[in-house]
Amino acid sequence: KTDALHAADIAAVMRNVLSYTQSSFRSDGNSWEDGVFHIGNMDAFLTTGDWRHYLYSRHVAETHRYLVNNGHPTTNGDFYCIGQAYITLAQLAPRDDKLRNIIACTDFNIKQNAVDYHWVDAIYMSAAVYTQLARLTGRMDYIDCEFNSYKTWREKLFDEEAGLWYRDSRFV
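Since we're looking at a predicted model, the values are computed, not measured. (Residues numbered from 1 in each chain as written. Predicted model: local features only at pLDDT ≥ 70, side-chain atom pairs only at ≥ 80, totals over all residues. Heavy atoms only, no water.)

1. A short note on the packing of aromatic side chains
Each aromatic ring pair is described using two quantities: the centre-to-centre distance and the angle formed by the ring planes.
Here is step 1: Per the counting criterion, the structure on display carries 11 aromatic pairs.
Here is step 2: Aromatic side chains Y150 and W165 sit 5.9 Å apart centroid to centroid with 55° between the ring planes, which places their arrangement in the tilted category. In this pair, Y150 sits in helix α7 (residues 141-157) while W165 sits in strand β2 (residues 164-165), placing the two residues 15 residues apart along the sequence.
Here is step 3: Among the aromatic residues, ring-to-ring pairing joins F147, Y150, F158 and W165 into one connected group.
Here is step 4: Of note, R154 hangs over the ring of F158, and the distance from its end group to the ring centre comes to 4.1 Å.
Here is step 5: When the ring centre of W153 is taken as origin, the NZ or CZ atom of K156, which lies over that ring, is 4.3 Å away. (Phe/Tyr/Trp six-rings, centres within 6.5 Å; stacked < 30°, edge-to-face > 60°. Helix = DSSP H or I, 4+ residues; strand = E, 2+ residues; numbered from the N terminus. Lys NZ or Arg CZ within 6 Å of the ring centre and 35° of its normal.)

2. Some words on the state of the cysteines
Here is step 1: Scanning the entire structure with this criterion turns up zero disulfides.
Here is step 2: The closest cysteine sulfur to the non-disulfide-bonded C81 is located on C105, 14 Å from its own sulfur.
Here is step 3: Residue C81 is classed as buried on the basis of its relative accessible area of 0%.
Here is step 4: Among the cysteines around C145, which has no disulfide bond, C105 carries the closest sulfur, lying 13 Å off.
Here is step 5: You can call C145 buried: its relative accessible area is 2%. (Disulfide = S-S within 2.5 Å. Buried < 20%, exposed > 50% of the residue type's maximum accessible area, 1.4 Å probe, protein only.)

3. Let's talk about unusual backbone geometry
Here is step 1: At N70, a position not held by glycine, the phi torsion is positive, near 55°.
Here is step 2: Relative to the elements of secondary structure, N70 occurs in the loop between α3 (51-63) and α4 (81-92).
Here is step 3: In this structure, N113 takes a positive phi of about 55° despite not being glycine.
Here is step 4: Within the fold, N113 resides in the loop between α5 (96-112) and α6 (121-137).

4. Quick word on the confidence of the model for the protein chain
Here is step 1: Averaged over all residues, the pLDDT of the protein chain is 90; the fraction at 70 or higher stands at 95%.
Here is step 2: Looking at the elements of the protein chain, mean pLDDT is at its lowest for helix α1 (residues 7-24), recorded as 84, and at its highest for α4, recorded as 96. (pLDDT = per-residue confidence, 0-100.)

5. What about the pattern of salt bridges?
Here is step 1: Across all of its chains, the model carries seven salt bridges by this definition.
Here is step 2: The salt bridge partner of R95 is D97, with a shortest N-O separation of 2.6 Å.
Here is step 3: A residue is classified by how much of its surface remains accessible, and R95, at 40% relative accessible area, is partly exposed.
Here is step 4: The partner of D168 in a salt bridge is R167, with the nearest N and O atoms 2.1 Å apart.
Here is step 5: We classify D168 as buried; its relative accessible area is 7%.
Here is step 6: What emerges from the salt-bridge pattern is a single network uniting D107, R139 and D141. (Salt bridge = Lys/Arg side-chain N within 4 Å of Asp/Glu carboxyl O.)

See the structure below:
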């Protein structure tokens, strides 16, 4: 029989993860690896209300001036991962400049009509950014760009017969 976890226990684990990450890994960049951490860290803040989570992610975002890929437009979906945390931060404390760069970079992809999901993880990293921006701005071209990219990469990385995604083209 497994004991049910209580909310206080889960919050304590979240605090331990934050403390461990801050002391051991310094997730203070804006790469996809950092983005994955900060998405979870912001979810931890929204779940627990523990300001340490918010303040750490806000500090990292402000250190990088809310830039995606150091401010350079790219179709590589990996670089948009940190944007999910930036968007959450912008929703909690709106300020025009917080989303300026991520909008410029995603608009670049709309002009290219592509987001590069060269490995299946990039769908997780990038797709939510387009959905969130569409919801915030009312612009459906974000959804169109993301969905077209998803369909393109689904054809390349999804095995219909097995019902499974390949990690990337090396495994197809």
